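A look at the structure
Listed here are the chains, written in short residue letters.
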Amino acid sequence: MLGIIEIFLFLCVVYYLFGKRTGDMVDVMSTRLQEAYGSWSYNGFNWGDGGQRGEERPTFDFLRRFGERQRKKRAQEKETDKRTRESSLYEIKESVMQIPPLPQNMPQGLACRYCAPGSEIQLDPHERRRDVIDVLRTTQHVNQGPTKSWWNLATYFPILAQCLRVKKYHFPEVSPTVLKDKRVLDAIEQATIESVREERQAAEAQGRVFSDTETYTKMLEKQNKRARKVMKDMRAKMSNVLLQITSWIIYKLLPCFLTGAVAHPAQIEMLKAASRRTPNTPLIFLPLHRSHLDYVLVTFMLLNNDLRVPVIAAGNNLRIPFFGEALRGLGAFYIKRKIDPITGKKDIVYRAILNAYLQHCLTAGHNAEFFIEGGRTRTGKPCIPKGGILSVVVEAFLDKTVPDVLLVPVSVNYERLVDGNFVAEQLGQRKPPETFASAISAIWKAVKSNYGLMRIDFNEPFSLKELVDAFKRNQEHHTAPQRIEPGDRLLQQTKSSTSLYGTDIVQEDNRCLVDSIARHVVYDCASATSVMSTNAVTFLLLTQFRRGVTLSVFARALDRLRDDLTGLKDLGFTGNSEDIIKYVLELLGEHLITLDTINGEMFVKPVNTVPAMLELAYYANTLMPFYVLESVVTSAMYALLPQDVLNNTATTLNEKISLLEEDILELCHKFCDILRYEFILNKPCQDLDTLLRDTLHKMSDRDLISIPKKMHTEAELEAKRMHRRLLLNNDIEDDEDYVTYGYEEENVVMVDMNQRVHHVNSIAILAPIARTYLTVVDHLHRLLGNSQLEVEFIKGALAEVRQKFDNQECEFGESVSVEMIKNCLKLLEKWSVVQVECAGGVRLLSLTHRYHSSAGIEEVYHKIQAFNCISHFTFESDRLL
């Protein structure tokens, strides 16, 4: 081909040298070349059919003219483009500037801008939308040097090469310095003195001779020996070699039962940026606790991305043969489930060692990880946090042991839970203790099963220093005389329900700070948890299609749910909705969801038994925090509707019923108070009333309700100004933009009965909780005239809910739940309906004086009944579809 081009160029030169006759010869030659290579295209010009008109053959003169026309055309287009840009520039100057709209929904997982306004470690919203990577299928490219042997290892053994190349860190041993810590020595001294005092009292009671010096020496040695044993049992012994071996095992083992373990690359880069910018600031990872696999996978993700793996707080129930020591080598340090063995007496030595160990780990450069919920969630909903270990971190910062720490909320979710279900515990059975045999059995069972996809999300780090500063600003706002706006409430004070704190005496302000941070973290984790396929499918089944649905209708409902969640929650699944539903049915199994063919159509239906409903509810509850406020608002609206409207469906389907917004919000706050131990409805820096109003307006935007805007004449505005001046007894200048103060304008909400199906589905989200709470309150009649063990009361209430389900008086199998009964008792104790007394290590329940009568119990029953007054409409959507 190059030879032909050279010949053609030579002929062109001859043409210019010898005139037209030679040019005619060139034309003939070019025509012959065209005939021979008619289909050849060069630089975008097709010699066969492009560039000429009709059947005309391209001569040399034609090619020259064609080139000149192309140059003129380009110059003309350039000039035209220049004039267009100049004219459009003047149009832009003369027109109104268009401001791009702000994004309606910011991506989840970002640090709170109220509590951490100066955070430099921010996750780019666009970066966060990058596709996740499957860590089990992707190993980093090994390129540590030019040596041939290393390249061969990476080529033929990529997983082994990846495990060998992970970055190694120095993990200092801090236990010797912990035992020399002043706080620990003081605690040992105090415990020794208390033991001597007890021995003296016992000797005097028995009439024995007692020696203070001898007893003191003996007790001091005993306490020192116990402190060394506590430290030995507690400490972690991290090993780079064991981390590498475990990483290789995980790479080989997890693909046997997980289809993938995925994470966001941008989130990993965010953690690396945080480590680089604040190299001496420890990262505190705070995951929601769903499975024993959580801490293994968090460590695995960090290790294989060259981040320092943390020391992990683990319950001492996991300190079993072989596995206990293996976890210790991976960073686990063990703490007792019950810190104080004797009720009412604090184990000051153990508390001091735990406090000092954590603080020394942080000052030595260790990252840390602990589960702020305590144990694993049994319901699938985030648990109310426990602030014990977090209080140690906060105290370390407040006494300037560490200058700052970065709190990293972590969200972990599974398509199918590896640990199995918690049905037995929900039905009141005791959790079986972990043993070596049970661990081997669980691993063997897991390897032979399919648990789908696992997803992990690292949220943006919080600076503890910024959180404390925000709390102090909030305290100043509360003590200031001026009026506080809802947005100024940065960290609300909440009472702590935990019994473990890092020090024996924690100031009340510090307790409020710890509880506020803990609730903030849990709220953020729940908001950022990715929605898996099983979550979406089971949520629709339990809220809309409890009695079954055809596959086609189910797929359309799943499409609508995905559209609602897009931009608000990360979806951990993609594809056709029908295929997703079939995948979930296969993953969860026929014991939970059945798929039959009725009249030629595939029919999906959940299994209506208590164990199946409890397990399905576990997966569905992941989405409940996202929809809970809408369900509260809808329940409040229907509770305020006239009874004849609720009873007469046919005549109200096309109507709009008006309600006062303030009445709805007042009832919403009462319902939220009922749910205080089921959900964290708002971050401590958020105002609940503002969130409820926002929920109303979002429902209005979706045409579920309507909120008409009132238009006022100038005379009406002048009357309101005069009314304001009379109330304030102060002359105020007329202002067109004035805001009415002291004058309550009643805003109206129109409930569109055409949206009744959607309303009923929304109400069904919280209906199981209302049923359980009503049964528990009704069961309070057993306490009239006597006390009862809390354990026995819970068993009786559970049996009563189970009986109502069997008798079809209660439609919800998931209402048969020990966790919900316990939460209801916490609420009744908060309301001072019941009181709890501890005697001999057991808890006794009794009614308080005010409610110690049938009338008092009925008062509480009607208070919760308002939350459940529309229960008989729960399945009306089946008839209206």
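Residues numbered from 1 in each chain as written. Predicted model: local features only at pLDDT ≥ 70, side-chain atom pairs only at ≥ 80, totals over all residues. Heavy atoms only, no water.

**Notes on the overall build of the protein chain**
The number of helices and strands found in the protein chain is 34 helices and 20 strands. Taking all contacts inside the protein chain whose residues are at least 6 apart in sequence as the whole, residues at least 24 apart take part in 76%. For the protein chain, the exposed surface amounts to about 44,700 Å²; the carbon and sulfur share of it is 53%. (Helix = DSSP H or I, 4+ residues; strand = E, 2+ residues; numbered from the N terminus. Contact = heavy atoms within 4.5 Å. Areas by Shrake-Rupley, 256 points an atom, 1.4 Å probe, with all protein chains shown as cover.)

**Considering the packing of helix 14 (residues 348–363) against helix 15 (residues 388–398)**
Direction vectors running N to C along helix 14 and helix 15 enclose 55°, while the axes themselves pass 10 Å from each other. By the angle between their directions, the pair helix 14 and helix 15 is classed as oblique. Judged by the twist between their axes, the crossing of helix 14 over helix 15 is right-handed. Facing helix 14, whose interface residues are N355, L358, Q359 and L362, helix 15 presents I389, V392, V393, E395 and A396. Grouping the constituent residues of the contact of helix 14 with helix 15 by class yields six nonpolar, two polar and one charged. (Axes fitted to C-alpha atoms, helices over the stretch in contact; angles between N-to-C directions. Parallel < 35°, antiparallel > 145°, perpendicular 65-115°, else oblique. Left-handed = near helix turned anticlockwise from the far one by under 90°. Nonpolar A, V, L, I, M, F, W, Y, C, P; charged D, E, K, R; others polar.)

**Notes on the packing of aromatic side chains**
The tally for this structure, following the rule as stated, stands at 13 aromatic pairs. Geometrically, the ring pair formed by Y618 and Y619 is edge-to-face, given 5.7 Å between the ring centres and 80° between the ring planes. As far as burial versus exposure is concerned, Y618 and Y619 are alike and both buried. The positively charged end of K336 is found above the aromatic ring belonging to Y350, 4.5 Å away from the centroid. It is K381 that lies over the ring of F679; its NZ or CZ is 5.0 Å from the centre. (Phe/Tyr/Trp six-rings, centres within 6.5 Å; stacked < 30°, edge-to-face > 60°. Buried < 20%, exposed > 50% of the residue type's maximum accessible area, 1.4 Å probe, protein only. Lys NZ or Arg CZ within 6 Å of the ring centre and 35° of its normal.)

**Thoughts on the environment of V751**
Structurally, V751 is set in strand 17 (residues 748–752). With relative accessibility at 0%, the residue V751 sits in the buried group. Between the C-alpha atom of V751 and that of I707, which follows or precedes it by 44 residues, the distance is 9.0 Å. Once residues within four sequence positions are removed from consideration, V751 is found in contact with M637, Y638, E655, K656, I657, L659, I705 and H759.

**Description of the nonpolar core**
Here is a general trend for soluble globular proteins: nonpolar side chains tend to be buried in one another's company. Counting 215 residues, the largest nonpolar core has F333, F458, L766, L780 and L828 as the members making the most contacts within it. Sorting elements by how many residues they give to this core places helix 14 first, with eleven residues. (Core = buried A, V, L, I, M, F, W, Y, C linked by side-chain atoms within 4.5 Å.)

**Side note on the pairing of strand 14 (residues 601–606)**
Within a regular strand, the side chains alternate between the two sheet faces. As judged from the two bridges shared by strand 12 (residues 549–550) and strand 14, these two strands associate in the antiparallel manner. Paired with T550 across the bridge in strand 14 is F603. If you look at the hairpin formed by strand 13 (residues 593–598) and strand 14, you'll find two residues sitting between the two strands, and N599 has a positive phi there, around 55°. (Pairing = 2+ DSSP bridges.)

**Focus: a nonpolar patch on the surface**
Nonpolar side chains collect at one region of the surface, where Y156, F157, L160, L164, V241, I245, W248, I249, L253 and I443 lie side by side and expose about 920 Å² of accessible area between them. If you list the elements that add at least two residues to the nonpolar patch, you get helix 6 (158–165) and helix 10 (240–253). At five residues, the largest contribution of residues to the nonpolar patch is made by helix 10. (Patch = residues over 30% accessible without salt bridge, like charges linked within 9 Å, V, L, I, M, F, W, Y side chains within 5 Å. Salt bridge = Lys/Arg side-chain N within 4 Å of Asp/Glu carboxyl O.)

**What to know about helix 30 (residues 767–779)**
Given 3.6 residues per turn, any residue in an α-helix points the same way as the ones three and four places further on. Here helix 30 contains 13 residues, and its C-alpha end-to-end distance of 19 Å stays within 8% of the 18 Å for a straight helix at 1.5 Å per residue. Taking burial as the measure, the 13 residues of helix 30 include twelve buried ones, the bulk of the element. Among all positions in helix 30, only A767, P768, I769, A770, R771, T772, Y773, L774, T775, V776, V777 and H779 are buried. (Expected span 1.5 Å × (residues − 1).)

**Comments concerning the sheet that holds strand 17**
If you trace the three strands from one edge of the open sheet to the other, you get 15-17-16, paired in antiparallel fashion. Unpaired on one side and paired on the other, strand 15 (656–660) and strand 16 (705–706) mark the two borders of the sheet. Taken strand by strand, helix 24 (residues 624–640) contacts strand 15, strand 16 and strand 17, and its axis lies near 90° from that of strand 17. In the packing of helix 26 (residues 661–674) onto the sheet, the strands contacted are strand 15 and strand 17, and the crossing angle to strand 15 comes to about 70°.

**Remarks on empty space enclosed by the protein**
Taken as a whole, this structure holds nine cavities of 30 Å³ or more when the rule is applied. Roughly 330 Å³ of volume is contained in the largest cavity. Mapped by element, the contributors of at least two residues to the lining of the largest cavity are helix 16 (423–426), helix 20 (533–543), helix 23 (610–620) and helix 30. When residues in the lining of the largest cavity are grouped by element, the largest group, six residues, is from helix 23. The residue inventory of the lining of the largest cavity, partitioned by class, reads 16 nonpolar, seven polar and five charged. (1 Å grid on protein atoms, 1.4 Å probe; cavity = no way out; pocket = protein on both sides within 12 Å on 5 of 7 lines; lining within 4 Å. Points joined across faces, edges and corners; volume = space filled by probe spheres on them.)

**Describing the sheet that holds strand 18 (residues 788–789)**
Judged by pairing direction, the sheet is antiparallel, and its three strands sit side by side in the order 18-20-19 without closing on themselves. Across the chains shown, the open sheet's two edge strands, defined by having one partner strand only, are strand 18 and strand 19 (834–839). Sheet topology note: the strand 19/strand 20 (residues 842–847) ladder contains six bridges and is antiparallel. When the bridges of strand 20 are listed, A839 appears paired with V842. Sheet strands in contact with helix 32 (residues 818–830) are strand 19 and strand 20, and its direction is about 105° off that of strand 19.

**Section: the environment of I664**
Within the secondary structure, I664 is located in helix 26. The sequence separation of I664 and V748 amounts to 84 residues, and the corresponding C-alpha distance is 9.9 Å. With residues up to four places along the chain from it excluded, the contact list for I664 reads V633, A636, M637, L640, L659 and V749.

**A few points about the pattern of salt bridges**
Using the criterion set out here, one finds 29 salt bridges in the structure. The salt bridge involving R455 is made with D457; its shortest N-O contact spans 3.4 Å.

**Some remarks on the packing of helix 30 against helix 33 (residues 854–865)**
Two numbers describe how helix 30 lies on helix 33: the axes approach to 9 Å, and their chain directions differ by 175°. With respect to their mutual orientation, helix 30 and helix 33 come out roughly antiparallel. Seen from helix 30, the contacting residues are Y773, L774, V777 and D778; seen from helix 33, they are I857, V860, Y861, I864 and Q865. Split into classes, the residues belonging to the contact of helix 30 with helix 33 amount to seven nonpolar, one polar and one charged.

**So, helix 14**
With 16 residues, helix 14 extends 22 Å between its outermost C-alpha atoms, agreeing within 8% with the 22 Å of an ideal straight helix rising 1.5 Å per residue. Trailing helix 14 by a residue or two, G365 shows a phi angle of about 100°, which is positive.

**Overview of unusual backbone geometry**
A positive phi angle, near 65°, is found at K400, a position not held by glycine. As for its placement among the helices and strands, K400 is situated in the loop between helix 15 and strand 9 (406–414). The backbone of Q808 sits at a positive phi, close to 60°, despite the residue not being glycine. Within the secondary structure layout, Q808 lies in the loop between helix 31 (790–806) and helix 32. With a relative accessible area of 72%, Q808 lands in the exposed category.

**As for the side chain of K569**
Along the polypeptide, K569 turns up in the loop between helix 21 (551–565) and helix 22 (577–588). Of the side chains bearing the opposite charge, D457 lies closest to the buried K569, which forms no salt bridge; the N-O distance is 9.0 Å. (Lys, Arg positive; Asp, Glu negative; His and termini not counted.)

**Considerations on the confidence of the model for the protein chain**
Close inspection of predicted coordinates is inappropriate in any region flagged by low pLDDT. On average, residues of the protein chain score 79 in pLDDT, and 74% of them are at 70 or above. Segment residues 479–506 is flagged for pLDDT under 50; beyond a separation of four residues in sequence, or across chains, it makes 75 contacts in the model. For the stretch residues 874–881, pLDDT sits under 50, and the model shows 24 contacts to residues farther than four places along the chain or on other chains. (pLDDT = per-residue confidence, 0-100.)

**Brief notes about the pairing of strand 13**
Bridge count for strand 13 against strand 14 is six bridges, and the pairing is antiparallel. Bridging across to strand 14, I598 finds its partner in E601.

**Things to note about the side chain of S527**
Position of S527 relative to the elements: it lies in helix 19 (residues 508–528). Within the local environment of S527, its side chain forms a polar contact with the backbone oxygen of Y523, the two atoms lying 2.9 Å apart. (Polar contact = N/O pair within 3.5 Å; in protein donor to acceptor, adjacent residues only side chain to side chain.)

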